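Here's the letter readout for the chains.
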Amino acid sequence: MAGEPQDDCLFCKIVAGTVPATIVRETETTVAFRDINPQAPTHVLVIPKAHHVNAAALAQEAPQLAADVLRETQAVADEEKLDSYRVVFNTGSGAGQTVWHAHAHVLGGRGLNWPPG
C-alpha cells in the first residue's frame, strides 16, 4: 500500500535506521542524505519518509508530502551554501531510477550545463 514501509526498499531501511546513511537533514516527513555515488561535489538525496514508488506517484498520492520534499531541496541547498543547483526526480527505469522510492537529487558545487551529460 502507498505510504507503508516496504521490506525490500533500501530507502525505507534508511528511514528506519537499519541501513546507514550520512544524514544531512531530517524533518517529520523527510530525510536528506548524501548519495553514495555522487555525480557532483554536492549530491544529496531528499526522500519522503513514507514509501511512494516514484515522483509521479508521490504527487498523485500525497501532494503535500511532495511539497515537503521540494521545500527540503531548498533547505539542503541553503545548508550546503549552493547559489545554483539542480533538482532531479528520475521516474522510471528509462530515466535512470534504480531505487523504487520517490527521491529528489540535489546536485551542485560545479557548473551544471544543460543538457546534462
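About the cut-offs
- Residues numbered from 1 in each chain as written.
- Predicted model: local features only at pLDDT ≥ 70, side-chain atom pairs only at ≥ 80, totals over all residues.
- Heavy atoms only, no water.
- Helix = DSSP H or I, 4+ residues; strand = E, 2+ residues; numbered from the N terminus.
- Expected span 1.5 Å × (residues − 1).
- Contact = heavy atoms within 4.5 Å.
- Buried < 20%, exposed > 50% of the residue type's maximum accessible area, 1.4 Å probe, protein only.

Some points on helix H3 (residues 63-79)
- When the terminal C-alpha atoms of H3 are compared, their 25 Å separation across 17 residues agrees well with the 24 Å that a helix rising 1.5 Å per residue should span.
- Along its buried surface, H3 packs onto strand S1 (23-26), strand S2 (30-34), strand S3 (42-48), helix H2 (55-61), strand S4 (85-88) and strand S5 (104-108).
- Positive backbone phi, at 60 degrees, marks Lys81, one or two positions downstream of H3.

Brief notes about the environment of Leu10
- Relative to the helices and strands, Leu10 is located in helix H1 (residues 10-16).
- For Leu10, a relative accessible area of 41% corresponds to the partly exposed category.
- A sequence separation of 89 residues divides Leu10 from Val99, and the C-alpha atoms of the two residues are 7.2 Å apart.
- Leave out the neighbours within four places in its chain, and Leu10 touches Val19 and Val99.

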